[in-house]
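Chains, contacts and geometry: an overview
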Amino acid sequence: MINLDDPKTYANLDKNKMLSHLQRLPEQCQQAWEKAKQLTISAPYRRVNKVIVAGMGGSAIGGDLAAGLAALDGLELVVHRDYGLPPNIDRNTLIVLASYSGVTEETLSSYEAALKTPAKKLAITSGGSLKEKATALGIPVLSIDYAAPPRAALGYGFIGLLGILDNLGLVKDKAADMEEMLSIIKSQTNSLGKDVPLDNNPAKRLANQFFGRLAVTYGGGFLASVARRWKTQINENSKAWAFYEVLPELNHNALVGYEFPAELGAHIFITILRSPLLNPRIQLRCQITSEILAQRKVPHQILDGQGQSPLSQMMSLIVLGDYTSYYLALLYGIDPSPVAVIDYLKGRLAQI
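Our subject in this report is the structure included herewith. (Residues numbered from 1 in each chain as written. Predicted model: local features only at pLDDT ≥ 70, side-chain atom pairs only at ≥ 80, totals over all residues. Heavy atoms only, no water.)

Points about the pairing of strand E8 (residues 268-274)
- Across the 7 residues that make up E8, a large majority, 6, are buried.
- Note: strand E6 (residues 214-220) against E8, 5 bridges, orientation parallel. Bridged to Ala215 within E8 is Phe269.
- In this structure, E8 lies alongside strand E9 (residues 300-304), joined through 5 bridges in parallel fashion. Counterpart to Ile272 in the pairing with E9 is Ile302.
- The β-α-β motif built from E8, the intervening helix H11 (residues 280-295) and the parallel element E9 has right-handed crossover chirality. (Buried < 20%, exposed > 50% of the residue type's maximum accessible area, 1.4 Å probe, protein only. Helix = DSSP H or I, 4+ residues; strand = E, 2+ residues; numbered from the N terminus. Pairing = 2+ DSSP bridges. Right-handed = clockwise from strand over helix to strand, strands pointing away.)

What follows is the structure in structure tokens.
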């Protein structure tokens, strides 16, 4: 089995330096926040009462995470992962077109649909036709100045978007929360790094738990989108099967399915994401769900976020999940960065 404490492991497998993106996340978040806060946006944008984030994959997950925080502040934020746009869009709607590459076909479809509405428009992108078209029409653009796979540009996709909402006064002031969060995730880059041995490294230990098993993550409230991030990072970085479920809904169906096939339970590892800031009933459901899993002898672990704010709780768990998915990729003997099957799919779509 791969030795995660051997420096040669990283030199041999991490050819595209995914680890460097994990290490630079605090810096990226700081830059994205400052850039979003300085973005010039006209006064009418401050009068919106609903936000739609149109995007896919690593460009959309920032919208999911922002939606969890926005809901706590009373702002409706919806993520649209499809062609076109949802109905009931008016002049008090802000449509955020999120595409790291600027050439995502679903997002470009949403852009064209947005032009036919009275909604306010804004783009988050590194370039491509989305940036070109938006700039030509005077639509505000938060430019992503960070070269990475889209999933590794979370600082812009999430914190950049949050900075825009803060800039417009659509959410409560997040400056203090940002300061706390950055301090925590900077500390995590040290405690979860490759030089920290397995015995003292929570991410390496979790990767070993997931190895050879189906990865499932549970989360509720503002941590539901964090559970989704765990799922997608294990898919893309680790090239592994992974799923996520949302509390309290999973208590009304998923737990009934623990019985069959009986032999499957031992081949699953479930992480339950928890925070003291969640609804007390969801916290209780986390504990009772853990009890039921133990009764069924399904391997699992409850993981708690760090910090006092929802933002810190979310980001600390995201960082833990990102490092875990990275180490899991190495355990499977692969480079975390390439996503060859997605490249193949896009190529086939382009041919037809």
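Text resumes after the structure shown.
Comments concerning unusual backbone geometry
- Here Leu247 and Pro248 are connected by a cis peptide whose omega angle stands at 5 degrees.
- Structurally, the position occupied by Pro248 is in the loop between strand E7 (242-247) and E8.
- The step from Phe260 to Pro261 runs through a cis peptide bond, and the omega angle for that step is -10 degrees.
- Structurally, Pro261 is set in the loop between E7 and E8.
- Non-glycine residue Lys17 carries a positive phi angle of around 60 degrees.
- Tracing the backbone shows Lys17 in the loop between helix H1 (7-13) and helix H2 (18-23).
- Located in the positive-phi region is Lys239, a residue other than glycine, with phi close to 60 degrees.

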